[in-house]
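# Fold and geometry: a report
One-letter residues, chain by chain:
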Amino acid sequence: VPSHWETNLDTDNLTEKLPALEAIGAVPLLLSMDAETGSNLLVFADIQYLFSGKPIDREEYVKLQIEDLEQTEGVSGITSRPVTVDQIDGIQLRFMQGSLPVRTNILIGDKNEARMLCGFIAILVQGIYTDDVELNVIERAMGSLHILPTAAGEVDSCTDPTPTPIRVALTPPPTVTP
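Heads up: these notes are all about the structure in this document. Predicted model, so just to flag it, every value in this text is computed and none were measured.

### Focus: the overall build of the protein
A count of helices and strands for the protein gives five helices and nine strands. Listing the helices and strands of the protein from first to last along the sequence gives β-α-α-β-β-α-β-β-β-β-α-β-α-β. Taking all 178 residues of the protein together, 43% fall into the buried category. The long-range share in the protein, meaning contacts at least 24 apart out of those at least 6 apart in sequence, stands at 53%. In the form shown here, the protein has an accessible surface area of approximately 9,500 Å², with 52% of it arising from carbon and sulfur atoms.

Written out as structure tokens, the structure is:
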């Protein structure tokens, strides 16, 4: 993101500012905003599946996200397309929230992707923009996201025949770089 954007990487502070995320089992990792225009980028990890016993089903997860958006007042024009960011496949949702265009990348690693805790977490990257210049900034930022190997904490690989969420329960949330 541009250097003049205000960026917050303090997970505790973001959790206080965005309590709705914690309520749904998500951990905010980054919020960056252009104070002048209101355009912003939010990165968060959906960790609610860590203790579920099975990895996230990408199709079902995206379907539920779309259904949730369809029931949200003021959201319209929902479309989706495949996206790959940092070699992690996902879906990009595009929609209008009131008069603001929104893009959300939903990235879910497969069962062999240690950086995504073997498919037990989803990383969501949401950008809201106010004009075409800001859209360019948001798209570049969303496309340049990197999930570092250290995001996996103590999980070195997903080849253990019994990779369970218990193995990763005490690891920190994924580390992202904007």
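### Thoughts on unusual backbone geometry
Phi at Gln 87 is positive, roughly 65°, even though this residue is not glycine. Mapped onto the secondary structure, Gln 87 falls in the loop between strand 4 (75-85) and strand 5 (88-97). The exposed category is assigned to Gln 87, whose relative accessible area is 74%. Backbone geometry at Cys 118 places phi at a positive 60°, although glycine is not the residue there. Of note, Cys 118 is situated in the loop between strand 6 (100-108) and strand 7 (122-128).

About the thresholds
Residues numbered from 1 in each chain as written. Predicted model: local features only at pLDDT ≥ 70, side-chain atom pairs only at ≥ 80, totals over all residues. Heavy atoms only, no water. Helix = DSSP H or I, 4+ residues; strand = E, 2+ residues; numbered from the N terminus. Buried < 20%, exposed > 50% of the residue type's maximum accessible area, 1.4 Å probe, protein only. Contact = heavy atoms within 4.5 Å. Areas by Shrake-Rupley, 256 points an atom, 1.4 Å probe, with all protein chains shown as cover.

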